[in-house]
Each structure stands twice: as structure tokens, then as C-alpha cells.
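Each chain, letter by letter, is given below.
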2 protein chains.
Amino acid sequence: MTGIRRLAQHLDISIGTVSRALNGRPDVNEETRRKVLEAAAELGYVPNQSGRSLRQGTTNIIGFMMQTGTEITGQGDTFFMSVFDGVQTVFARHHLDLVALLCSSEEDPDDYLRRVVARGFADGLILSATQRHDPRFEFLAKRKIPFVTLGRSLTDVGQPWLDLDFEGMAQTSIDRLVAKGHHRIAVTRPHDDINLGHLFVDQSARALAAHGLTLDPDLVFSSKPNEAGGYHVAQQLLAMKDRPTAILLVNETIAIGFYRGMSEAGLKPGRDIAIIGRQSPQSHFLSPSLTGFTLSRRDLGIALAEALLATMPAFSHFYPDAELRKVWSEDLVEGESDAFSLPA
Amino acid sequence: MTGIRRLAQHLDISIGTVSRALNGRPDVNEETRRKVLEAAAELGYVPNQSGRSLRQGTTNIIGFMMQTGTEITGQGDTFFMSVFDGVQTVFARHHLDLVALLCSSEEDPDDYLRRVVARGFADGLILSATQRHDPRFEFLAKRKIPFVTLGRSLTDVGQPWLDLDFEGMAQTSIDRLVAKGHHRIAVTRPHDDINLGHLFVDQSARALAAHGLTLDPDLVFSSKPNEAGGYHVAQQLLAMKDRPTAILLVNETIAIGFYRGMSEAGLKPGRDIAIIGRQSPQSHFLSPSLTGFTLSRRDLGIALAEALLATMPAFSHFYPDAELRKVWSEDLVEGESDAFSLPA
DNA sequence: CATAGTTCCGTAAACGTTTACGGTGGCCGA
DNA sequence: TCGGCCACCGTAAACGTTTACGGAACTATG
């Protein structure tokens, strides 16, 4: 005699009533519910997840899919850890278990997702490292699996997304640098069609245009989003005959490599080139200090979780007015890396 | 009509035979097995995991528990990502699904583990960030849940573990530095009772003793395993009147902070102080280059997976002679950070 | 030919839940 | 008194598998 049956026998009531009591159904006497909960705690009863999954066709698991190994994510990965943390706190309130599904570098993300879904692993999914054209979207939409993405994509199937505010960052940065007298300004963009990084480039161009300036195509650098990428950009940029006086480093981690590249060339950020980047735990140890955007990753995770739950029928009533699609603004923290200004 | 029943009906055989065919049981005609597999592929049938879990009492899931948010892990987290990758490749061969269980900074790891286990989440677990005295060990042992740990602990319940070769690193480092004429050598250790970091300190002392030297207690620095920790160590160390001429930075990421601390004081690694640390993707961007130990994280993950499977009855025959307890040696990559030597 | 053994397959129970359905008893109003 | 309603509870089916058991057909052995 195990599980709920044991509990029922111990209380001398039927298993149906026990189940109803535990699941908060209305049609059970409050007095008996009290007894059931008490006995459950006493006997240390916890419902068997396989049993309820089988019956309800639901797993109570949400998967957060990330890529490992490959340098696509690049974020130094503490980024995702923090976001995950925020997501977790929301789901915990609903007794949903959050697990990280790390797609190995050896496996195709699409195949991996297919396996996960075929196995009926999760009730909902969070996708990161979205691609410009991402087949996963349609796949999930066709199977009616609720999901939300961290990052935009051109493949829109109506799912909720959250993303960084590329446009806002570009606008703010350009305005700031132009005000300091710069007119040859370089920007970086993701090397592949990850996310909608091109929005950053586009908006930079528009912002420059508003000041009567143009974005030189030679000053758009494609970079892997890691230290090596930034280092490589520095090498390319410093080899130019007519090198820019300022640069926007849109990714979190590339500033570290860029600094290294500059110092090897005997140059100093903020003195020889103005830099605006993004803050990260690692960037705090750069010298001179980095001027860059900062982001509450945890809040981002919370918003991500709420957006997902808002689309799941069983939970949507908890979040009637969640923002389903939202760019996440970042604050600019001023450092010394963009101190370099040109005479008017 | 769904699932295996549909498949059976389509083939006009019994569901029992279908199940046996799919699960590779011997008592089924090879010809029918072929047909079943064919039809399964055609109809896109995949067994319902809840059903088999309920019946077999097994989930086919292995959980890799990590801590998030808190600075305990510190490894810049790419460390775990890489290890995870290695684990994954092994499990994939056995159709085991690996998920990452990230314990939030807000939750007690013991409570978190309790929840995971109560839910019957996984067939086996990998624990990281082991503590000097770790209650999780006995908890799992009592429930007879197979697990392996990445890191040693004084709480030994006979489970397999893999760990870094603290003794080897200490011995190699001390010998090397002493050969360069250093006799005031500092070492770092984890700030809390994480892992068995004290082994590093102990072995350093023994190695020094073998050279007729002693380890000054004032030169043992306790450090959080992240950039800030290294920075703090630098500040303490540089403020000393009789400061050491060399230091061992046992953690992967603290060198970055230590470098920063030195440069702020106008000092240069490898010129004013000899440093031996540990390599990481980030440390490649340090200048001067770091002399440090390097580790095949992926291989470590593979060994970890094999050690776990070796203790699980259903898989142990695949790994008859897996090494269950092993320190993982690292190679020393020579850089410029320990160039500083003293005249004999 | 009788017997034993082997190979293959069908039957049905079991895993632990949830939930539709129906039933009992009490209360209330007509 | 009766019918109806309500609050509560028990019964049993269902979810999709796996597997112990037994049986049928066939082969080998004497």
C-alpha cells in the first residue's frame, strides 16, 4: 500500500477525497481537508509526478533552453544564470519546476528541441539565443507548446518575447558620442544572424543621420560575442589608416578583448578611442572603467516568466496584464572609457 | 486510440509485443521487430515518458545540480558549461536526458535537493560545489539515490567523486617557485568550506617544508572565488610591510582581479610578484600572460558521467572498470606571470 | 508417436494519480 | 410529506506503459 492509497487508508477515507483535498478542490469539507493535509505532512506524502503526469498530460516542468560549448551565447554565462534565477523565483510560486536544458555544442539546436518535445518533457519552454530565422518557433507553435523567447527573431509566430533595447542603446550612445565631437564612430554586430543585432546597426545609422552624419560601412564590425571577438575587432580597427575615434561594443564581454587589443598596441581606452559598451561582472575589473549599459538580469528573468505564464491557460489569470512583448531598457553607467572627446 | 496501442493496431499485433520489440527484448521475432521499428518511425511514435516512469519507477533523467546567483561557484560558469557538455555526450549514448538543476541563491541547497528528490525527478544526480561538511551526501545515500560529486568532502558516504588535483598543483607550483629563488610565497584558499580547498594549503605547506621553508600563516589568504575576491587579496597583500614575492591563485577567475589590484598599485605581474594561477577562457586576455594550470573540462565531465553510471545497476556493466574516485591532473601552461625570480 | 524444450506472442495486471459520475444524507420550502 | 437542492464523499475508469504468466505452434529427442 503506497502513495495516496496509504494516506487514504490511514485516514479511513477514499482516495478520491484525499486527492481532492490535496488539490484544493472546492467540493471537500474543510475539516477533512485539514486532516488530510495534516496526515500528508505527517507521513511525508508527496504525490507521484509520473502518476499525475500520466493522468493530466502535464509535467509541471518548464524548460529553459540554452546552448553550451558554442561561443554563440558568449555572455560569460553568468548572464543566463542571473536571468534563470529571476525566472525561478516566479515559477516557484506556482509549484512549477524550472530546469535548464543545455544543448550541447555537438548537437543541432533544432534536433535537440525536437527530442525534448517528443519526450513530453516540459509544459512550456523558454528559448534563448534566438536566430534571425529560427525554425524552432514554428515547430513549437505547430505543436501548441507555450513558449517565450529571450531575443527577437524575424520568424514571428505570435509568441511573447523579451529582448534588449538595441534601438535605445544605439540612440543614447550615438547622441552621447556626437555631443563629444565624434563623427567617425564604429559599431559592432553579432557575427551571425543571432537575435536581431542588426537593429543596433540600423538604429545607429539613423541616429547618426539625425545629426547629419553617416555610418561608414567599413566601421561596422562583425564580432563573435566573446573576449576573442573583441580582441579581433580591435586588431582590425587599429590596422585601419583612417581609424574611428569611438566605438560601440554591443555585447557584454567583448570589451575585455578590445581593451587587451588596445593595450597591446600601446593605446588606452578613453584616451585614444572612446568606448561605450555593456556592463558585466567582469567588466568592473577593466581599467579604465567602462562606460556602458547595465541591466537587471534578474528582473528580466521575472518578466520572462510572467510573459510565459500569461500565455498558459492554467496560469494566465494570475497575470492578466503582463507585457508580452517588451524591449528591456538599460541604464548607462558612466565610466572613463568614453572620456576621449574631440575639439569642436 | 493513441500511443503504443495505435501502433499495435496498425500492425495488427498485441501491444505487449510492440513494447517488447521496441525495448529490445530477446523474446520477439527479429522480423516482427523490424516491422515494429519501421512502423514506429513511420508513425512518429515515441513512448510516453510518464507511462513508462509510472510503470518502471524510473525517469531516465539525470540531474546536474549547480548553484546560481551566489558567488560560491564563481567559475565564471563557463567552467560548468563545459563540464556539462562532457557529461551530456556520455549520457546521450544511453538515452539518458541530462538537465541542469540550478539552485537559486535564495534557496538553501539542502532544501532544494529535498524538493528535487521528493518529486522523484531524477534517477541519478551530479552534485557540484560540495561543501566541507555536506548534508546532501547522507540524504541521498539514505534514499539510495545514485550520485557523484564534483569535489570532495569530509562527509564521505562512499559515493564516487572527481576533483581537481589540489595536491599536485600545490607541489608543482611550490617546487617551481622555490627553484626561482622565492621563499616568501603566498597561497589562496576558498573563503568558506567549499570543497577541500584546504588540501591546497596543506600540501603547499608540506612542499615548502621539503625545501626547508615554512608557510607563513599571514600569507594564507581567504578569497571568494571570483574577480572581486582576487582584487581583495591583492589589496590585502600589497598593504603588507613585508610582502611576499610570489603567490598561488588556486581559483580560475581570481587572477583577473588580482591583476587589476596590482596595476592599480602601479605593479606588474611577473615583474614585481610571481603568479601561478589557473587558466580559463578569460585568463587568456590577461597581460602579461598567466602561468597557470589548465584542465580539460570536457574530459572531466566524461569521467564524471562514467563514474555515475558505474554505480547505477542498469548501466554499470558498460563501465566495469571506471575510476570511481580520482583527482584530475592539470597541465601547467607557462606564461610570463611567474617570470619574476630572485637572485640566489 | 510421445515428450520435452524452444520460440514467439497475447492477456491482463499493475504503476499512482485525477476526475466524471452517481449516491447519500440533511435541510428547506411548499 | 414530498420534492428539490446542496454539500460532501465513494466508486471506478482512464492515462500509456511494462512485464509476469501462460499458451500455441513448432522442433528436437528418445
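Residues numbered from 1 in each chain as written. Chains lettered and ligands numbered in written order. Predicted model: local features only at pLDDT ≥ 70, side-chain atom pairs only at ≥ 80, totals over all residues. Heavy atoms only, no water.

### Some points on the protein's contact with DNA strand D
- Around DNA strand D, a shell composed of 29 residues is seen, among which Ile-4, Arg-5, Ser-19, Arg-52 and Arg-55 of chain B lie nearest.
- Within the side chain of Ser-19 of chain B, an N or O atom sits 2.5 Å from a phosphate oxygen of DNA strand D.
- Asn-48 of chain B is positioned such that a nitrogen or oxygen atom in its backbone is 3.1 Å from a phosphate oxygen of DNA strand D.
- Counting only elements with at least two residues in the surface near DNA strand D, the list comes to helix 2 (15-22) and helix 4 (49-56) of chain A together with helix 1 (3-11), helix 2 (15-22) and helix 4 (49-56) of chain B.
- Class assignment of the residues belonging to the surface near DNA strand D gives a composition of 8 nonpolar, 13 polar and 8 charged. (Near = heavy atom within 4 Å. Polar contact = N/O pair within 3.5 Å; in protein donor to acceptor, adjacent residues only side chain to side chain. Helix = DSSP H or I, 4+ residues; strand = E, 2+ residues; numbered from the N terminus. Nonpolar A, V, L, I, M, F, W, Y, C, P; charged D, E, K, R; others polar.)

### A few points about the pairing of strand 4 (residues 147-150) of chain A
All names here are of chain A.
- Alternating positions in strand 4 separate into two faces, Phe-147 and Thr-149 on one and Val-148 and Leu-150 on the other, with burial throughout.
- The sheet contact formed by strand 3 (residues 124-127) and strand 4 spans 3 bridges and is parallel. Note that in strand 4 the partner of Leu-125 across the bridge is Phe-147.
- In this fold, the crossover linking strand 3 to strand 4 by way of helix 7 (residues 135-142) has right-handed handedness.
- Both strand 4 and strand 5 (residues 161-164) contribute to a ladder of 2 bridges, which runs parallel. (Buried < 20%, exposed > 50% of the residue type's maximum accessible area, 1.4 Å probe, protein only. Pairing = 2+ DSSP bridges. Right-handed = clockwise from strand over helix to strand, strands pointing away.)

### Re the interface of chain B and chain A
- Contacts between the two partners involve 48 residues from chain B and, on the opposite side, 48 residues from chain A.
- With both chains or domains summed, chain B and chain A bury close to 3900 Å², and 56% of this area falls on carbon and sulfur atoms.
- At the boundary of chain B with chain A, the tally comes to 4 salt bridges.
- Residue Arg-115 of chain B is joined to Asp-97 of chain A by a salt bridge in which the shortest nitrogen-to-oxygen separation is 3.5 Å.
- Where chain B packs against chain A, one counts 13 residue pairs in polar contact (both at pLDDT 80 or more).
- The element contributing the most residues to the side of chain B that touches chain A is strand 2 (residues 97-103) of chain B, with 7 residues.
- Each residue belonging to the side of chain B that touches chain A can be placed in one class, and the counts come to 20 nonpolar, 19 polar and 9 charged. (Contact = heavy atoms within 4.5 Å. Buried area = accessible area lost by both parts, 1.4 Å probe. Salt bridge = Lys/Arg side-chain N within 4 Å of Asp/Glu carboxyl O.)

### As for the side chain of Arg-184 of chain B
- By secondary structure assignment, the location of Arg-184 of chain B is in the loop between helix 8 (166-179) and strand 6 (185-190).
- In terms of polar contacts, Arg-184 of chain B uses its side chain to reach the backbone carbonyl oxygen of Asp-242 of chain B, at 2.8 Å.

### Some thoughts on the protein's contact with DNA strand C
- Near DNA strand C lie 30 residues; those nearest to it are Ile-4, Arg-5, Ser-19, Arg-52 and Arg-55 of chain A.
- Taking Arg-20 of chain A, its side chain carries an N or O atom lying 3.4 Å from a base nitrogen of DNA strand C.
- Here a base nitrogen of DNA strand C and a backbone polar atom of Gly-51 of chain A are 3.2 Å apart.
- Of all the secondary-structure elements, those providing two or more residues to the surface near DNA strand C are helix 1 (3-11), helix 2 and helix 4 of chain A together with helix 2 and helix 4 of chain B.
- The leading source of residues in the surface near DNA strand C is helix 4 of chain A, at 5 residues.

### Overview of the confidence of the model for chain A
- Averaged over all residues, the pLDDT of chain A equals 90, while 96% of them reach at least 70.
- Note on residues 70-76 of chain A: pLDDT under 50 across the span, and 21 contacts to partners over four residues away in sequence or across chains. (pLDDT = per-residue confidence, 0-100.)

### Some remarks on the relation of the copies chain B and chain A
- Superposition record for chain B on chain A: RMSD 0.0 Å, screw rotation 180°, translation along axis 0.0 Å. Given the turn and translation reported, the copies of this chain are related as if by a two-fold rotation axis.
- Looking at the interface residues of chain B, 100% of them are also at the interface in chain A, so both copies use one shared face. (Least-squares fit on C-alpha atoms with pLDDT ≥ 70 in both.)

### Quick word on the environment of Arg-325 of chain B
Residue and element names in this part refer to chain B.
- Mapping Arg-325 onto the fold places it in strand 11 (residues 325-328).
- Given a relative accessible area of 35%, Arg-325 falls into the partly exposed group.
- Considered as a pair, Arg-325 and Val-18 are 307 residues apart in the sequence and their alpha carbons are 41 Å apart.
- Beyond its immediate sequence surroundings of up to four residues, Arg-325 is in contact with Asp-156, Gly-158, Gln-159, Pro-160 and Trp-161.
- Side chain to side chain, Arg-325 and Asp-156 meet in a polar contact 2.9 Å long.
- A polar contact is formed between the side chain of Arg-325 and the backbone oxygen of Gln-159, at a distance of 2.9 Å.

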